[in-house]
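What follows is the residue order along each chain.
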Protein chains: 2
Amino acid sequence: MQNISEEDYLGIIYKHKDKNGEVKANLIAEKLQVSNAAVTDMLKKLSRNGHIIYEKYKGIRLTEGGEVYAKNMVRRHRIWEVFLNQIVGMPWDKVHDEAHRLEHSGSDELIDRLEEMLEYPEYDPHGDPIPSKEGKVPKLRKHVQLAELKQGQAGTVIRVNDFDDQFLQYISKIGVKLNEPVLVKEKRRFDKSLQIIVKGKPWNISNKVAENIFIEIKKK
Amino acid sequence: MQNISEEDYLGIIYKHKDKNGEVKANLIAEKLQVSNAAVTDMLKKLSRNGHIIYEKYKGIRLTEGGEVYAKNMVRRHRIWEVFLNQIVGMPWDKVHDEAHRLEHSGSDELIDRLEEMLEYPEYDPHGDPIPSKEGKVPKLRKHVQLAELKQGQAGTVIRVNDFDDQFLQYISKIGVKLNEPVLVKEKRRFDKSLQIIVKGKPWNISNKVAENIFIEIKKK
DNA sequence: CATTATTTTTAAGCTTACTTAAATTTGGAT
DNA sequence: ATCCAAATTTAAGTAAGCTTAAAAATAATG
Ligand SMILES: [Mn+2]
Ligand SMILES: [Mn+2]
Ligand SMILES: [Mn+2]
Ligand SMILES: [Mn+2]
């Protein structure tokens, strides 16, 4: 079995499906850094072996079997991340890339043993939910992008996007981490940048950064 | 980097070089379960990129750089094995296959951290030495194949070949493990099979099995 | 609704790592 | 020295997963 590419495609499809369970080919190409032509080829293959439902020019959706497979890949990835962070002591801005390589190698039995060692974590180091062996996905608390908060609003970081280590390193430096309280002190109209307060200190961040940090709003 | 095949070839060459540091193509083909033609192709590639010295019809040997690379692969493999056995609790007949997949994925930093967690083990679960980060290889104590022991001789198991899980499972069942004392009670000329005593119990084993168990002879 | 712009697919071609079959070289055994 | 068998290489071809360039379909805009 040398399904590394297939598995990456399936994982991406799972993670980026919309409310209708559909993904556009374009997005896959971008996320995997390959050409659109490569995506079309792989979609045909995934369709042939029953992992996705694919019709020319239509949106892509996972079959039941494909969903199971893809969800398991996400599970593998996130359990590796927790292991690397918790047991190995690797910082959260490094675990994603490392896990992305390991996710294709270990057996399911190994993953299960790691999960047991970690006492069945529900979330990975970036706040993403970890599907259980049975396929149950822990619910995420209600949340919004930090970029959507109004001036004066406050909340707690409950998830961050994990796909760019530069980004993670940057927000770590300014003190943003899971469960950290954040207050929006100022919001500027012209570039949508904001000033936030973390651990009592003020920081200016771009809208792009704020779009990748997710907040549970503090009701007062 | 997607050097999985290259890395496997280099690892095999390193592990099977003779006293002159040479390996025959045939052996590589057998160990990797590929055709001789495939081996020739890869040897050319490894020669091109400076990992081996290769001349048509001559024995294969690692360059200095190739040796470093190959030794590191063996290191990665064996550290994974110890980790899986010690930390994850996986039996010694399962760790080789699992490690063989993981060895290509993790970063060197991860390997170093695992090594630290394991307190710098010198040997893997089958008694094979683990090269250090600096490339030093722990010495193996003087040993012989169990098959070479004469009737009445006794000794201690210090290494077993790890490439066949059926074999490992079998010898586990009869109580053979690292540091276990063994006595040759009887040796039969016609098929070279032997009767051995392990933990007070007698067992009949084939010559083939005895060839893959290595013994430090007890001097009396 | 006609015309761009964007997305997606086709077509042709490349690289890696394999395969089988045939040719060549080598190392023994007589 | 000759012959044979085993080891190795060459030749030709395949499958996976990419690429770029061009064509076709769909979506967005005036
Ligand atoms: Mn991740
Ligand atoms: Mn991956
Ligand atoms: Mn091994
Ligand atoms: Mn390997």
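Small disclaimer: the values here were computed from a predicted structure and weren't measured.

Caption draft 1: Just the relation of the copies chain A and chain B, in detail. In the superposition of chain A on chain B (RMSD 0.0 Å, axial shift 0.0 Å), the rotation amounts to 180°. Both copies of the chain, as the preceding transformation shows, are related through a two-fold rotation axis. For chain A, the smallest separation between a C-alpha atom and the rotation axis is recorded for Leu-102 of chain A, amounting to 3.4 Å. Of the residues that chain A buries at the interface, 100% are likewise interface residues in chain B, meaning the two copies contact each other through the same surface.

Caption draft 2: Looking closely at the nonpolar core. Membership of the largest hydrophobic core comes to 30 residues, with the highest contact counts inside it found for Trp-80, Phe-83 and Leu-84 of chain A together with Trp-80, Phe-83 and Leu-84 of chain B. Broken down by secondary-structure element, the contributors of at least two residues to this core are α4 (64-86), α5 (92-102) and α6 (108-117) of chain A together with α4 (64-86), α5 (95-102) and α6 (108-117) of chain B. Among all residues touching Phe-83 of chain A, those that are not within four sequence positions of it are Val-88, Leu-114 and Leu-118 of chain A together with Phe-83 and Leu-114 of chain B.

Caption draft 3: Structural view of the interface of chain A and chain B. Taken together, the contact between chain A and chain B spans 17 residues of the former and 17 residues of the latter. In terms of surface lost to chain B, no three residues of chain A exceed Val-88, Ser-105 and Leu-110 of chain A, which account for 32% of the buried area on that side. Across the chain A-chain B interface, the total number found is zero salt bridges. Here chain A and chain B share seven residue pairs in polar contact (both at pLDDT 80 or more) between them. Going through the elements one at a time, α4, α5 and α6 of chain A are the ones with two or more residues in the side of chain A that touches chain B. A total of four residues in the side of chain A that touches chain B trace back to one element, the largest contributor, which is α6 of chain A.

Caption draft 4: How the structure looks around the coordination of the manganese ion (ligand 1). All names here are of chain A. Around the manganese ion (ligand 1), the protein supplies His-77 (NE2), Glu-81 (OE), His-96 (ND1) and Asp-162 (OD) as donor atoms, at distances of 2.0 to 2.2 Å. Taken in sequence order, the residues that donate to the manganese ion (ligand 1) follow the motif H-x3-E-x14-H-x65-D. Of this pair, His-77 sits in helix α4 while Asp-162 sits in the loop between β4 (154-160) and α7 (165-173), placing them 85 residues apart in sequence. For His-77, a relative accessible area of 4% corresponds to the buried category.

The rules we used
- Going along each chain's sequence as written, the residues are numbered from 1 onward.
- Chain letters and ligand numbers both follow the written order, the letters beginning at A and the numbers at 1.
- Local features in a predicted model are, by the rule used here, given only for residues with pLDDT of at least 70; side-chain atom pairs are given and counted only at 80 or more, and totals for whole chains, interfaces and linings are based on all residues.
- Working from all heavy atoms in the structure, the side-chain values ignore hydrogens and water.
- All copies are superposed by least squares; the fitting set is the C-alpha atoms of residues with a pLDDT of at least 70 in both.
- Note on contacts: a residue pair qualifies if any of its non-hydrogen atoms lie within 4.5 Å across the two residues.
- Only buried residues count toward a nonpolar core, which is a set of Ala, Val, Leu, Ile, Met, Phe, Trp, Tyr and Cys residues joined through side-chain atoms within 4.5 Å.
- Throughout this description, buried means an accessible area under 20% of the type-specific maximum (1.4 Å probe, protein chains only), exposed means over 50%, and partly exposed covers the range between.
- Runs of E in the DSSP output that reach at least two residues are strands. Runs of H or I that reach at least four are helices, and both are numbered from the N terminus.
- A 1.4 Å probe defines the accessible area here, and the buried area is the portion of it lost by two parts on being joined, summed over both.
- The term salt bridge refers to a side-chain nitrogen of Lys or Arg lying within 4 Å of a carboxyl oxygen of Asp or Glu.
- N or O atoms closer than or at 3.5 Å make up a polar contact, with two conditions inside protein: a donor-capable atom paired with an acceptor-capable one, and, for residues adjacent in sequence, both atoms drawn from side chains.
- Atoms are scored as donors when they are N, O or S and lie within 2.8 Å of the metal, with 3.2 Å used for Na, K and Ca; no water is included, so coordination may look incomplete.

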